[in-house]
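# Structural features, examined
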Amino acid sequence: MTEAEEAAALWGGRILRPLRLRENEVYELDLGDRRAALRLHRQGYQSSAAIRSELWWCSQLGRKGLPVASPIDSRAGAALETLTTGRSASVVTWVNGQALGEAGVPLAGTLAEKLAQHRALGALLARIHSATDLLALPEWFQRPSWDRKGLVGEAPFWGRFWDHPNLNSAEHEVLIAARHWLDAMLRRSRSPLGLIHADVLRENVFVQTGGLALIDFDDSGFGYRWYDLGTVLSQDLYQPDYAQLRAALLQGYGQVLPVDGAEVDAFTLARTLASVGWAATRLPLDHPVHRSHIDRALMMSRRLLGLG
């Protein structure tokens, strides 16, 4: 019996097909009366307590009517189960729709459609942030930190981006300068701090009839709220209509909560830098994503630091 089959049995379900076989393995699950998503969590990344905290947060958001994937308890009444291999498994509600897009591929649709989606996404993130602030977190609640130390400290959560082995000496110096510049900005940032999704990429945003939904809170933690906006924009940097998409995202968020566009640009830089660190610790050094992430971070660093 495979891990997926063992996990499916704990929920009384049947595997239909694999959806993502990456850091977390995700499968479509048939529970008889409905579909769901089975997740086999990557070992060594999030603790059991952290995963339970993520599931609790999503359950609370779902109860408030927010469009997120919410946990489904196993036959034993647990949101999280441990397999015989030691791996953690969870099941969440099925989210209908199609992903907003994918990394490295221009966004589909007309300009009007893309702007409407960005306004809606900005508003959805603000609604999630607002709803989260009304929650009383359990004492056992644990999630990683996307604060200043988590982004630009000596040991960032996703790794020391400025030490990426594929950087040449000039590129290394630019990312060192970007790290110091961002550190200074974060020390005076006006962005509220709280729970954030921290990985609002196109593949985690689903377009549904009448709105958007957000999935995959695996990287969520405590950090700067406007970092969520910067993550969205990090994938838009090469769009010819970037300025309009940025304005639409900020407009949507700003209709619910205050936001500072200049700081969002800094958090966009923060995400591009974090992605360099992420790739360095997860992908073979000859993988093309390393160069694309480095080039994007260098572009944003030079733009904000005025390096030409």
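Let me sum up the structure you'll find in this document.

End to end, helix α8 (residues 261-282) covers 31 Å across 22 residues, agreeing with the expected 32 Å (1.5 Å per residue, within 8%). Judged by how many residues are buried, α8 sits mostly within the fold: 17 of 22 residues are covered. Measuring from the backbone nitrogen of Ala262 back to the side-chain oxygen at the start of α8 gives 2.9 Å, which picks out Asp260 as the cap.

Of note, Arg202 is situated in the loop between β8 (193-196) and β9 (205-208). A residue is classified by how much of its surface remains accessible, and Arg202, at 4% relative accessible area, is buried. Spatially, the C-alpha atom of Arg202 lies 31 Å from that of Glu173, the residues being 29 residues apart in sequence. In this structure Arg202 touches Ala99, Leu100, Gly101, Glu102, Val105, Pro106, Leu107, Gln235, Asp236 and Gln239, once residues within four positions along its chain are discounted. A polar side-chain atom of Arg202 sits 3.4 Å from the main-chain carbonyl oxygen of Glu102.

Ordered in space as β1-β2-β3-β5-β4, the 5 strands form an open sheet in which the pairing is antiparallel. Two strands bound the open sheet, and with one partner strand each, they are β1 (14-21) and β4 (80-82). If you compare each strand with its neighbour and ignore which way they point, the axes differ by 25 degrees on average. Sheet analysis places β4 next to strand β5 (residues 88-93), joined by 3 bridges and oriented antiparallel. Bridging from a neighbouring strand, Thr82 pairs with Ser88 of β5. The strands that helix α1 (residues 3-10) touches are β1, β2 (25-30), β3 (35-40), β4 and β5; relative to β3, the one it contacts most, it runs at about 130 degrees.

Of all hydrophobic cores here, the largest spans 65 residues; its most connected members are Trp57, Leu214 and Tyr227. Here Tyr227 is in contact with Trp146, Leu151, Ile196, Ala198, Phe267, Ala270, Arg271 and Ala274, once residues within four sequence places are set aside. Residues Ala7, Trp11, Ala89 and Val91 belong to the second largest nonpolar core, which totals 14 residues.

Applying the stated rule across the entire model yields 10 aromatic pairs. Their ring planes at 75 degrees and their centres at 6.0 Å tell us that Phe141 and Phe222 sit as a pair that is edge-to-face. Pair noted here: Phe141 is in the loop between α3 (111-133) and β7 (145-146) and Phe222 is in strand β11 (residues 221-224), with a separation of 81 residues, a long-range link. Owing to a relative accessible area of 10%, Phe141 belongs among the buried residues under this scheme. Between the aromatic rings of Tyr224 and Phe267, the centroid separation amounts to 5.2 Å while the plane-to-plane angle is 40 degrees, which identifies the pairing as tilted. Here Tyr224, found in strand β11, pairs with Phe267, found in helix α8; they are 43 residues apart in sequence, far enough to count as distant. Both residues of the pair, Tyr224 and Phe267, count as buried. One aromatic cluster in this structure is built from Tyr45, Trp146, Phe157, Trp158, Tyr227 and Trp278. The ring of Tyr45 carries the charged tip of Arg42 above its face, separated from the ring centre by 4.3 Å.

Conventions we followed
The residue numbers shown here count from 1 along each chain, following its written sequence. Confidence filtering applies because this is a predicted model: local features only for residues at pLDDT of at least 70, side-chain atom pairs given and counted only at 80 or more, and all residues used for totals across whole chains, interfaces and linings. Water and hydrogen atoms were dropped before computing side-chain values, which therefore reflect all heavy atoms in the structure. Runs of E in the DSSP output that reach at least two residues are strands. Runs of H or I that reach at least four are helices, and both are numbered from the N terminus. A helix's residues, less one, multiplied by 1.5 Å, set its expected span. Three labels apply to residues, based on accessible area from a 1.4 Å probe with only protein chains included: buried if under 20% of the type maximum, exposed if over 50%, partly exposed otherwise in between. Counting of polar contacts relies on pairs of N or O atoms within 3.5 Å, with two restrictions inside protein: one atom must be capable of donating a hydrogen and the other of accepting it, and residues adjacent in sequence are counted only when both atoms are side-chain atoms. By the convention used here, residues are in contact when the closest approach between their heavy atoms is within 4.5 Å. One requirement defines pairing of two strands: DSSP has to find at least two bridges between them. With axes taken as lines fitted to C-alpha atoms, and helix axes fitted only over the stretch in contact, angles between N-to-C directions fall between 0 and 180 degrees. Here, the term nonpolar core denotes a set of buried Ala, Val, Leu, Ile, Met, Phe, Trp, Tyr and Cys residues that are joined through side-chain atoms within 4.5 Å. Ring pairs are drawn from Phe, Tyr and Trp, using the six-membered ring of Trp, whenever the two centres fall within 6.5 Å, and their geometry is named by plane angle: stacked under 30 degrees, edge-to-face over 60, tilted for the rest. Sitting over a ring, as applied to charges here, requires NZ of Lys or CZ of Arg to be within 6 Å of the ring centre and within 35 degrees of the ring normal.

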